[in-house]
Amino acid sequence: MSREKPVWLGHTTDHKSIEALLSQEQYTAEELAELTGINVLVIENAVFEHKLPAVVINHDIISISRHDVLEWLERTSPPSR
């Protein structure tokens, strides 16, 4: 999985703080990318391939629930040793 540098590793941003993002129940693809460090294109592909549930209107990802994100991350993460 492609990963960008997460906000909490020194990435500067003018967007919401990491604390604000962590407290949300719904995310945009961009917010989720910022929070996790996963490239937004990977997130969008997961949504459009029906691997990550989301509210999509006219090919625009409107929101992704925290619950669905956590389940998706659990399914796609390599097993721990």
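Residues numbered from 1 in each chain as written. Predicted model: local features only at pLDDT ≥ 70, side-chain atom pairs only at ≥ 80, totals over all residues. Heavy atoms only, no water.

1. What about the sheet that holds strand β3 (residues 60-65)?
The condition is simple: Any two strands between which DSSP finds at least two bridges are classified as paired. The secondary structure listing takes helices from DSSP runs of H or I that are at least 4 residues long and strands from runs of E that are at least 2 residues long, numbered from the N terminus. Throughout, a contact is declared for two residues whenever any of their heavy atoms are within 4.5 Å. Angular values range over 0 to 180 degrees, each being the angle between N-to-C directions of two axes fitted as lines to C-alpha atoms, with helices fitted over their stretch in contact.
The sheet built from three strands is open, its strands ordered β1-β3-β2 with antiparallel pairing. Two strands in the sheet have a free side with no partner beyond their single neighbour: β1 (26-27) and β2 (55-57). Two elements, β1 and β3, share two bridges in a ladder whose sense is antiparallel. Its bridge partner lying in β3, Y27 is registered against I64. Helix-sheet contacts for helix α4 (residues 66-76) involve β1 and β3, and the interaxial angle to β3 is about 85°.

2. As for the packing of helix α2 (residues 29-36) against helix α3 (residues 40-48)
For the record, the criterion: Small angles under 35 degrees read as roughly parallel and large ones over 145 as roughly antiparallel, with 65 to 115 read as roughly perpendicular and the rest as oblique. A clockwise turn of the near helix away from the far one marks a right-handed crossing, whereas an anticlockwise turn of less than a right angle marks a left-handed crossing. Residues are sorted three ways: Asp, Glu, Lys and Arg are charged, Ala, Val, Leu, Ile, Met, Phe, Trp, Tyr, Cys and Pro are nonpolar, and all the rest, Gly among them, are polar.
Following both chains from N to C, one finds α2 and α3 inclined at 125°, their axes separated by 9 Å at the closest point. Between α2 and α3, the crossing angle belongs to the class labelled oblique. Considering how the two elements wind past one another, α2 and α3 form a crossing that is right-handed. On the side of α2, the interface is formed by A29, E30, L32, A33 and T36, while α3 contributes V40, I43 and E44. Taken together, the residues of the contact of α2 with α3 sort by class into five nonpolar, one polar and two charged.

3. Some points on the environment of A29
To be explicit about the condition: Relative accessibility thresholds used throughout: buried, under 20% of the residue-type maximum; exposed, over 50%; partly exposed, between the two (1.4 Å probe, protein chains only).
Structurally, A29 is set in helix α2. Of the residues examined, A29 reaches a relative accessible area of 1% and is grouped as buried. Sequence spacing of A29 and I62 is 33 residues, and the spatial spacing of their C-alpha atoms is 8.1 Å.

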